[in-house]
Amino acid sequence: MLHGLPRKIRTAFMLQALLAGLAVLLGGYLVLLVVKFGLVNALLKEEAAHFWELHAASPVQPPPNTSNIRGYLLETGQSPLSLPADLRALAPGFHEIGDADQLVLVDDKPAGRLYLVFLRSQAQHLAFWFGVVPVLLILLAVYGASWLTYHVSHRVVSPVTWLARRVSQWDPLYPDASELAPERLPPDVQGEVRQLAGALHTMAGRIGDHVARERNFTRDASHELRTPLTVIRMASDMALGSQELSPGLQRSLQRIQRAGRDMEGLIDALLILAREANIEPQAEWVEVADVVRYEAANARGSLAGRPVELEVHVAAACPLRVPPQVLHVVIGNLLRNACNYTDAGRVDAYVEADRVVVCDTGIGMSPEALARIFEPFFRVEPERRQGHGLGMPIVHRLCERFGWRIELDSRPGQGTKVTVRFSRQSPGDGSGG
């Protein structure tokens, strides 16, 4: 999100101010309680102690009677009827009389019982000045500091927000970094943000150059690689038309023809992988069983007299809309791998309505090798001369490109089973494979 960072900062400061406000209000409430029940209680106790000292020196000393405190002395044996009605039933200790708006300390001594009355309104007045006013001042200070800090933080973050907004508008294939050129940056973009903008500007330029080189390569490779292959195919066709060829030479020319067609298909498949994913390649409806039979015929030539049988089993028709060369590359690599790593036994290819399964009774793979099978240049048995470890990575990338799922199951010494599951299609579906 473009404004995610400012919003997070604003939310953090609002939450901080809210929590600080709650903490200050709670503290103010506690101050009110302390003033009411702590400070007043302590004040009345000190006043009572002072009165008893004076009373001991002069028994005729009258109880305190000031603007804040009123005192009543009930001497021993004296009737409580001389006291105000709301004080007569109070036991020794500190009391709050809500109806009379009074805080009362009853102090019992051998000489009598002293009643000190403090008006609660006076306590609230003290609490206001010693509790509410400081709380409000602290709250204003907290909110003022939070607002000032947020304002400063917003100014600091605004260049990052501006940069994020510009970068989010880039097209990944054509990143336009012209606004990030040093001479076009706003004045407030300074420091690390300016360095980051410069780095993004340089990176976008390199990405643009890379995209241009990639497109030039795919265009040139598509033309320059096809030309010699076309020459080879036409020359072999003309040579095969001769009536004076020996059987061995005919077989060699036929192998050259097949190799040329395979090379054309591989080049097409690699160029498809090299193009952007949003560029759909040309596709047509292909019967998967026909491709499997064709590639199986080519793979039989690599068995070279080994006691290995290669058979194709078609359980159902499997029409697929896909560039034919892609399917040839995938099926051809799977069959060649199965033949290359099977010294004796069988290689079976099963065509079903939505998948192709290739099973062999070859050397199999350990769990460690199975985990690395899609790594470039990895080979299960490096000492074998067939292949360079690129076939399975290419197959994997092609399956990912067209939304197919490839599954492998293998046991050392028991063989390997490879399943390619295609996306569900029907001949009436015009989407790509």
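Residues numbered from 1 in each chain as written. Predicted model: local features only at pLDDT ≥ 70, side-chain atom pairs only at ≥ 80, totals over all residues. Heavy atoms only, no water.

1. Observations regarding the packing of aromatic side chains
Counted by the stated rule, this structure contains three aromatic pairs. Within the aromatic cluster, the residues linked to one another by ring pairs are F402, W404 and F422. Seen from the ring of F402, R401 lies directly overhead, with NZ or CZ sitting 5.5 Å from the centre. (Phe/Tyr/Trp six-rings, centres within 6.5 Å; stacked < 30°, edge-to-face > 60°. Lys NZ or Arg CZ within 6 Å of the ring centre and 35° of its normal.)

2. Some details on the nonpolar core
One finds V288, L327, L398, W404 and F422 to be the most contacted residues of the largest nonpolar core, which totals 45 residues. With nine residues, helix α6 (residues 324–340) is the single largest residue contributor to this core. Not counting the four nearest positions on each side in its chain, V288 is found in contact with C318, L320, L327, V351, V356 and F422. Counting 12 residues, the second-largest nonpolar core is a separate cluster that includes L44, L103, L105 and F118. (Core = buried A, V, L, I, M, F, W, Y, C linked by side-chain atoms within 4.5 Å. Buried < 20%, exposed > 50% of the residue type's maximum accessible area, 1.4 Å probe, protein only. Helix = DSSP H or I, 4+ residues; strand = E, 2+ residues; numbered from the N terminus. Contact = heavy atoms within 4.5 Å.)

3. Quick word on the environment of Y294
Checked against the element boundaries, Y294 lands in helix α5 (residues 288–300). The residues touching Y294, leaving out its near neighbours within four places in the chain, are R258, R261, D262 and H328.

4. A look at the packing of helix α4 (residues 247–274) against α5
Two numbers describe how α4 lies on α5: the axes approach to 12 Å, and their chain directions differ by 130°. Put simply, α4 runs oblique to α5. With respect to the hand of their crossing, α4 and α5 are arranged in left-handed fashion. Along its contact with α4, which presents R258, R261 and D262, the element α5 presents Y294, E295 and N298. A per-class count over the contact of α4 with α5 returns one nonpolar, one polar and four charged. (Axes fitted to C-alpha atoms, helices over the stretch in contact; angles between N-to-C directions. Parallel < 35°, antiparallel > 145°, perpendicular 65-115°, else oblique. Left-handed = near helix turned anticlockwise from the far one by under 90°. Nonpolar A, V, L, I, M, F, W, Y, C, P; charged D, E, K, R; others polar.)

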